[in-house]
Amino acid sequence: LTKRDGTDVLVEYGGGTHGYLPERPEMRATLLFYGPRIAPTTLHGARLIDLAPTVAPWLGLRLEGADGVPLPITLR
């Protein structure tokens, strides 16, 4: 990568990764929902594809044909 003035910013690039295997517990992401209507709960194994089906009804939206399923999060 070269800046406009011609100086190199990145000389060597080794590539990147999209993510890590979920089988490695130390590499799992954290998911936090917070708000006055969110009841306290702990979820294990939430998937990224489950976020939209969870939030859509809260926003009054219909989401048909999603791959994920709503997470068991109770609203007060």
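Below or above, wherever it landed, is the structure these notes cover. Remember, predicted model here, so these are calculated numbers, not experimental data. (Residues numbered from 1 in each chain as written. Predicted model: local features only at pLDDT ≥ 70, side-chain atom pairs only at ≥ 80, totals over all residues. Heavy atoms only, no water.)

## Things to note about the overall build of the chain
Using the following cut-off: Each helix corresponds to a stretch of at least 4 residues labelled H or I by DSSP, and each strand to a stretch of at least 2 residues labelled E; elements are numbered beginning at the N terminus. Whether a residue is buried, partly exposed or exposed follows from its accessible area with a 1.4 Å probe, protein chains only, as a fraction of its type maximum: under 20%, in between, or over 50%, in that order. Contacts are assigned to residue pairs that have any heavy atoms within 4.5 Å of one another. Computed with the Shrake-Rupley method and a 1.4 Å probe, the accessible areas treat only the protein chains shown as cover for residues.
Within the chain, the secondary structure is distributed over one helix and zero strands. Put simply, the chain has 76 residues, and 12% of those count as buried. Across the chain, every contact between residues at least 6 apart in sequence was considered, and the portion connecting residues at least 24 apart equals 36%. When the accessible area of the chain is evaluated, it comes to approximately 7,000 Å², of which 57% is carbon and sulfur surface.

## Thoughts on the environment of L63
Looking at the secondary structure, you find L63 in the segment after α1 (51–55). Spatially, the C-alpha atom of L63 lies 6.5 Å from that of P53, the residues being 10 residues apart in sequence. Beyond its immediate chain neighbours, meaning those up to four positions away, L63 contacts A52, P53 and A56.

## Quick look at the side chain of T54
What counts here: What qualifies as a polar contact is a pair of N or O atoms within 3.5 Å, subject to a donor-acceptor requirement within protein and to the restriction that residues adjacent in sequence count only when both atoms come from side chains.
By secondary structure assignment, the location of T54 is in helix α1. In this structure T54 comes out as buried when scored by relative accessible area, which is 3%. Looking at T54, its side chain comes within polar contact range of the main-chain oxygen of D50, at 2.6 Å. Setting aside anything within four residues of it in sequence, one finds T54 in contact with F33, V69, P70, L71 and I73.

## Re the packing of aromatic side chains
Operational definition: Aromatic rings from Phe, Tyr and Trp, taking only the six-membered ring of Trp, are treated as a pair when their centres fall within 6.5 Å; an angle between ring planes under 30 degrees marks them as stacked, one over 60 as edge-to-face, and anything in between as tilted.
In the structure shown here, the tally under the stated rule is one aromatic pair. Taking 5.4 Å as the distance between ring centres and 75 degrees as the angle between the ring planes, the aromatic pair formed by F33 and W58 counts as edge-to-face. You can see F33 sitting in the segment before α1 and its partner W58 sitting in the segment after α1, a full 25 residues away along the chain. Residue F33 is classed as partly exposed on the basis of its relative accessible area, which comes to 22%. Overall, W58 belongs to the partly exposed group, its relative accessible area being 29%.

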